[in-house]
Each structure stands twice: as structure tokens, then as C-alpha cells.
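Working through the structure, step by step
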Amino acid sequence: MKMLLKDKWVLITGASSGFGAAAARAFGVEGAKLLLGARRVDRLEKVAAEARKAGAAEAYFHKLDVTNTPSVKAFIVWAKSKIQNPGCQTPGPTCLHVLINNAGGAHGQDSVAEGKDADWETMLQTNVLGVLRVTRAALPLMPHDAGASIINIGSVAGHTAYEGGAVYCAAKAGELQITRALRLELLGTGIRVGTVDPGLAETEFSLVRFKGDAAGAKEVYAGTHPLTAEDIAEILVWIARRPSHVNIDELIVKPVDQAAVGKVFRRTKT
Ligand SMILES: NC(=O)c1ccc[n+]([C@@H]2O[C@H](COP(=O)([O-])OP(=O)(O)OC[C@H]3O[C@@H](n4cnc5c(N)ncnc54)[C@H](OP(=O)(O)O)[C@@H]3O)[C@@H](O)[C@H]2O)c1
């Protein structure tokens, strides 16, 4: 039987833009109850309102910096207080149904020879340690044998190295191995664990990677048809809605125009 998401608690990190914001709206359509985290609270407020408008039973937001353990702990204390409110269908602390570890991204495109410490540290802090911190803190809120899901957002970069991507590729390869280890560690609990690994998708990802260079970021998608945030959000909902005995372990999704990392079909030159 397919899992229904109505009134189920769904926690999304990096919900202020891109995949995370689209996921908030998509789980909202399912009538889920949302707990949204990111650093830009003004953006979260807007996303929560959109999710409520889409149909979310409830949508709350709180500041979260996944690079900082006290911030993650404070976020989970807040999440627990929301889950335990009288509106919760399953009283008690153990009813977080879906955890989406989405916060992350790439910073810079330098070769290893020219790499910057700050970029390296941010990529490893968010994409690797952030996933670990949030998962460790959220696990006690997740029920056993109830078809709960942990869905991590990886990348094709975790499967294939490319020039200028050493640390982002390493970070997403780390996310992939964390997902695999967690899958083994949670065997027997009923908690599903998987990773969704997208290719080229048009979000704020490139703007962040290019440190605010909007023209450079736009160029990444010139003449091609990338994935949208909504494409990924739809897949996340689909995974969470599988029958409780089904685990989607690893899912690579690329636009038709991207046959491999660095092999992208472009209709026009700009
Ligand atoms: N777009 C792509 O082509 C692509 C492909 C494969 C994988 N991915 C992965 O998909 C995920 C989402 O990226 P996106 O494409 O949706 O890019 P995006 O639009 O830039 O979204 C990134 C999200 O991560 C949040 N975030 C970044 N650092 C954070 C921190 N320290 N603490 C909490 N939240 C943080 C951002 O929120 P704040 O800035 O408000 O904190 C934002 O909500 C990332 O893990 C990325 O690596 C993207």
C-alpha cells in the first residue's frame, strides 16, 4: 500500500530556495506538516506561506546552519516541540516521517592547486558534516517500522570527478557513502534510507558556486534544457510515497540533454 503523506511530519533542510523550497511546496500539496530550515529566514517565511497555500496541513520554519552543531541541536529541539504539539497524529517524540537532507552546494571552481580553504571547508561542512549532524540529531524523532524515510541529496558529482570540482565531488561522494553506511546501520528499524543524485538543475546552485556572478551562472544553462527544482521535488514525494517495504536506495537523475558530467547538448551558442 502506498504511504499517504497527509498530516505526516516532513523536515527539509535548505528549504529557502531550489530543491528544498520546491519540495516544501510539493509535500504541501500532499497535505504534510512541514518543518523547514535554512539560514535565510525571510525566504523560509515565504516558502512556508507558499506550502500552506499549496495544501500543507502545517508549515513552520526556523533558522538552521548545518555547519554548526549548536544550531542543529537548537533546530531539532524546536522541531521536537512542534511535533509534540496536540495536532500531532502520533503523540510522543517519535513521529518525524520524512527527513530530507538537502542543504549544501558548491563553492568555486578552482583547481586543487588554486583552491581556497574557505571554499573547501564550506563544501565539506555543509554537504558532508551537515548531513551527519542533522541525521544524528533527528534520528530519535523517527519511528521504527512505519515507513519513515531519510532522503539525502547527492549529485552526479559524487559519482564522477571533474576538473575544478575536486572538493565538491569528494563531498558528494562522502554523502553517498554516508547514505550507504546509514542504510546498513538502520537495517531492521523500518526506516528507509536513500540518496537522490541529480545532474544539471537550474536553481541558485550556480549563483552560489560563482559567488553571485549572475551572468556566469546563467551561462551554465545556456541553450540546454536543465532539470527544474520541481522535477526533483516530485521525485522526493514519489520516494516517500512508496509502500513501506520499498526502499529507493540510489537514484541518479539527469536532464535528457546531459549524457554525462561535462557532456551537455546545447542548441544555441550564447
Ligand atoms: N542544482 C544542481 O545542479 C544540483 C545538482 C546536484 C545536486 N545539487 C544539490 O542539491 C542541494 C540543493 O541545491 P539547489 O540546487 O537547490 O541550490 P540552492 O538553490 O542554492 O539551494 C541550496 C539550499 O541550501 C541551503 N544551505 C546552504 N548552506 C546552508 C547551511 N550552512 N545551513 C543550512 N542551509 C544551507 C540554502 O539556504 P540558505 O542559504 O538560506 O542557508 C538553500 O536553501 C545541494 O545539496 C546541492 O549540492 C544541486
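This text follows the structure it describes.
Conventions used here
Residues numbered from 1 in each chain as written. Predicted model: local features only at pLDDT ≥ 70, side-chain atom pairs only at ≥ 80, totals over all residues. Heavy atoms only, no water. Axes fitted to C-alpha atoms, helices over the stretch in contact; angles between N-to-C directions. Helix = DSSP H or I, 4+ residues; strand = E, 2+ residues; numbered from the N terminus. Parallel < 35°, antiparallel > 145°, perpendicular 65-115°, else oblique. Left-handed = near helix turned anticlockwise from the far one by under 90°. Contact = heavy atoms within 4.5 Å. Nonpolar A, V, L, I, M, F, W, Y, C, P; charged D, E, K, R; others polar. Buried < 20%, exposed > 50% of the residue type's maximum accessible area, 1.4 Å probe, protein only. Lys, Arg positive; Asp, Glu negative; His and termini not counted. Salt bridge = Lys/Arg side-chain N within 4 Å of Asp/Glu carboxyl O.

1. Topic: the packing of helix H4 (residues 117-138) against helix H5 (residues 166-185)
Across the interface, H4 lies against H5 with an axial gap of 8 Å and an inter-helix angle of 15°. Comparing the axis directions of H4 and H5 gives the class roughly parallel. Two packed elements cross with a definite hand, and for H4 against H5 that hand is right-handed. Between H4 and H5, the residues in contact are Trp 120, Met 123, Leu 124, Asn 127, Val 128, Val 131, Leu 132 and Thr 135 and Val 167, Tyr 168, Ala 171, Lys 172, Glu 175, Ile 178 and Leu 182, respectively. Looking at the contact of H4 with H5 residue by residue, the class counts come to 11 nonpolar, two polar and two charged.

2. A look at unusual backbone geometry
Phi at Asp 7 is positive, roughly 65°, even though this residue is not glycine. Looking at the secondary structure, you find Asp 7 in the segment before strand S1 (9-13). Here Lys 211, not a glycine, exhibits a phi torsion of approximately 55°, which is positive. Along the chain, the position of Lys 211 falls in the loop between helix H6 (205-209) and helix H7 (214-219).

3. Comments concerning the side chain of Glu 175
One can find Glu 175 in helix H5. Salt bridges are absent for the buried Glu 175, whose nearest opposite-charge side chain, Lys 172, sits at 5.9 Å. Excluding residues that lie within four positions of it along the chain, Glu 175 makes contacts with Asn 127, Asn 152, Ile 153, Gly 154, Thr 195 and Asp 197.

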